[in-house]
Amino acid sequence: AKQAGKNRAQPYAPHMQADALARVHLEADLRIAVEQRAFELHYQPIVECASGALVGAEALIRWRHPERGMISPLEFIPVAEECGLIVPIGEWVLSEVVRQRRDWLARGYPLLRLTLNVSGVQFREAGLPELVRTLLAEGGTARGSLVFEITESVLMSGNDENVEARMCDIKEQGICFALDDFGTGFSSLSYLKRFPVDIVKIDRSFVRDCPDDGNDASLVEAIINMAHSLGLRVTAEGVESAEQREFLRALGCDYLQGYLIGKPLAADAFEAIMAPLPSV
Ligand code: C2E
Ligand code: CA
Ligand code: CA
Ligand code: CA
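Residues numbered from 1 in each chain as written. Chains lettered and ligands numbered in written order. Predicted model: local features only at pLDDT ≥ 70, side-chain atom pairs only at ≥ 80, totals over all residues. Heavy atoms only, no water.

Quick notes on the packing of aromatic side chains
Phase 1: A full pass over the atoms with the stated rule returns ten aromatic pairs.
Phase 2: Between Phe 148 and Phe 177, the aromatic rings sit 6.0 Å apart at their centres with planes inclined by 90°, giving edge-to-face as the arrangement. With Phe 148 in strand E5 (residues 146–150) and Phe 177 in strand E6 (residues 175–182), the pair connects residues that are 29 residues apart, well separated along the chain.
Phase 3: The class for Phe 148 is buried, based on a relative accessible area of 0%. (Phe/Tyr/Trp six-rings, centres within 6.5 Å; stacked < 30°, edge-to-face > 60°. Helix = DSSP H or I, 4+ residues; strand = E, 2+ residues; numbered from the N terminus. Buried < 20%, exposed > 50% of the residue type's maximum accessible area, 1.4 Å probe, protein only.)

Digging into the layout of surface pockets
Phase 1: Considered as a void within the structure, the largest pocket measures approximately 1,200 Å³ in volume.
Phase 2: In this structure, the largest pocket is lined by 39 residues; those nearest its centre are Glu 58, Leu 60, Pro 73, Leu 74 and Asn 117.
Phase 3: Elements with a minimum of two residues in the lining of the largest pocket: strand E1 (39–48), strand E2 (54–65), helix H2 (73–83), helix H3 (86–106), helix H4 (120–124), E5, helix H6 (152–156) and E6.
Phase 4: When its residues are assigned to classes, the lining of the largest pocket shows 16 nonpolar, twelve polar and eleven charged. (1 Å grid on protein atoms, 1.4 Å probe; cavity = no way out; pocket = protein on both sides within 12 Å on 5 of 7 lines; lining within 4 Å. Points joined across faces, edges and corners; volume = space filled by probe spheres on them. Nonpolar A, V, L, I, M, F, W, Y, C, P; charged D, E, K, R; others polar.)

Considerations on empty space enclosed by the protein
Phase 1: Taken as a whole and assessed by the stated rule, the structure comprises two cavities of 30 Å³ or more.
Phase 2: Considered as a void within the structure, the largest cavity measures approximately 80 Å³ in volume.
Phase 3: If you go around the largest cavity, the residues you meet are Ile 46, Val 55, Gly 56, Arg 113, Thr 115, Val 147, Glu 149, Ala 178, Ile 199, Lys 201, Thr 235 and Tyr 255.
Phase 4: If you list the elements that add at least two residues to the lining of the largest cavity, you get E2, strand E4 (113–117), E5 and strand E7 (199–202).
Phase 5: Residues of the lining of the largest cavity, tallied by class, amount to six nonpolar, three polar and three charged.
Phase 6: Estimated volume of the second largest cavity: approximately 40 Å³.
Phase 7: Forming the boundary of the second largest cavity are Arg 101, Trp 104, Leu 105, Pro 110, Leu 111, Leu 112 and Leu 114.

Thoughts on the pattern of salt bridges
Phase 1: Going through the model one piece at a time under the given rule, you end up with 20 salt bridges.
Phase 2: Here Glu 75 and Arg 68 are joined by a salt bridge, their closest N and O atoms 2.9 Å apart.
Phase 3: A salt bridge links Glu 96 to Arg 99; the shortest N-O distance between them is 2.8 Å. In this pair, Glu 96 and Arg 99 are both assigned in helix H3, three residues apart and thus about one turn of the helix distant.
Phase 4: For Glu 96, a relative accessible area of 17% translates into the label buried.
Phase 5: Through salt bridges that share partners, Arg 23, Glu 27, Arg 31 and Glu 82 make up one connected network. (Salt bridge = Lys/Arg side-chain N within 4 Å of Asp/Glu carboxyl O.)

Observations concerning the coordination of the calcium ion (ligand 4)
Ideal geometry at a metal gives 109.5 degrees between four tetrahedral donors and either 90 or 180 degrees between six octahedral ones.
Phase 1: Bound to the calcium ion (ligand 4) are the protein donor atoms Asp 181 (OD) and Asp 181 (OD), situated 2.9 to 3.0 Å from the metal.
Phase 2: Taken as a pair, the calcium ion (ligand 4) and the calcium ion (ligand 3) lie 3.8 Å from each other and share Asp 181 as a ligand.
Phase 3: Along the chain, Asp 181 turns up in strand E6. (Donors = N, O, S within 2.8 Å, 3.2 Å for Na, K, Ca; no water.)

Quick notes on H2
Phase 1: Three or more residues of H2 are buried, namely Phe 76, Ile 77, Val 79 and Ala 80. For H2, the arc enclosing every buried residue in end-on projection is 165°, short of the 170-degree limit, so these residues lie on one face. What points out from H2, more than 90 degrees from its buried face, is the exposed set Leu 74 and Glu 82.
Phase 2: One side-chain oxygen of the residue at the start of H2 lies 2.9 Å from the amide nitrogen of Leu 74, identifying that residue as Ser 72.
Phase 3: Positioned one or two residues after H2, Gly 84 has a phi angle of 90°, which is positive. (Arc of directions from axis to C-beta. Polar contact = N/O pair within 3.5 Å; in protein donor to acceptor, adjacent residues only side chain to side chain.)

Quick notes on the state of the cysteines
Two cysteines whose sulfur atoms are joined by a covalent bond form what is called a disulfide.
Phase 1: Enumeration according to the criterion identifies zero disulfides in this entry.
Phase 2: With no disulfide of its own, Cys 176 lies closest to Cys 168 among cysteine sulfurs, the gap being 12 Å.
Phase 3: In this structure Cys 253 is a free cysteine whose sulfur lies 5.0 Å from that of Cys 49, the closest cysteine sulfur available.
Phase 4: Look at Cys 253 and you get buried, because its relative accessible area is 5%. (Disulfide = S-S within 2.5 Å.)

See below:
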């Protein structure tokens, strides 16, 4: 490193070191968490827009850190993607959703459509279709009740034929694909036509200012109409107000997800929503 003069300030170096150190600690803790399976899945309800009926849930990962408490996936998923730990984490998420689905069915709960987030690194892993096959082996195919949420970047990530072949291989197991955070990328429209996607999830950032913001309202309307004309269904994310719900309903949006409908819940709390127990 260059020798710094005695009076020369170095405002950035200590800060960067602290960041790098925090990152090293996070990665080390994450490695232990993977070994100890220190994660849990929370389930956020998804309802049919027209009827309000519960039709599914998105599984969202949480990390129970021994000292820091619950850590948001927004903090650790990017780190896990960079250091490769996303592969074992993603495998755990998939196996846990399949296990939970089987458990709910065995205990008489309705068959809901469970969606889970599949990162690009995990999607490209050679073993993913085989893992899906193995996990579903006992219970047969998913019959459309399991959905992999992927982002546009996954579809952009390589040779189109390879990506499409992989999607088809996974779809043969009865799994559907949803395109997550739709609208935040830059060439989404062509991807909808090109790849066998089933559901489009309109990103929260477009729903947030609807219906007051005319531009956002027009965009949301255009996305819904376009998706429908391609035979796809649409889920609106981040629905927080009754006004947004009515606006989306009027446009013929298929499914709603957001705090207005319900926040992500631990599995046992989610069971109470699926089938309210009669009061004793
Ligand atoms: P996402 O896939 O876009 O998930 C939706 C996020 O929005 C969730 O945050 C959810 O709690 C939050 N949300 C839902 N409704 C509302 C609303 O009405 N208002 C607001 N303000 N927020 C709402 P969460 O659980 O913190 O997850 C953040 C992101 O982390 C997810 O964004 C997803 O990209 C990633 N993630 C979560 N779980 C997994 C996982 O198991 N695997 C992978 N690869 N990524 C995951
Ligand atoms: Ca998602
Ligand atoms: Ca999303
Ligand atoms: Ca997102």
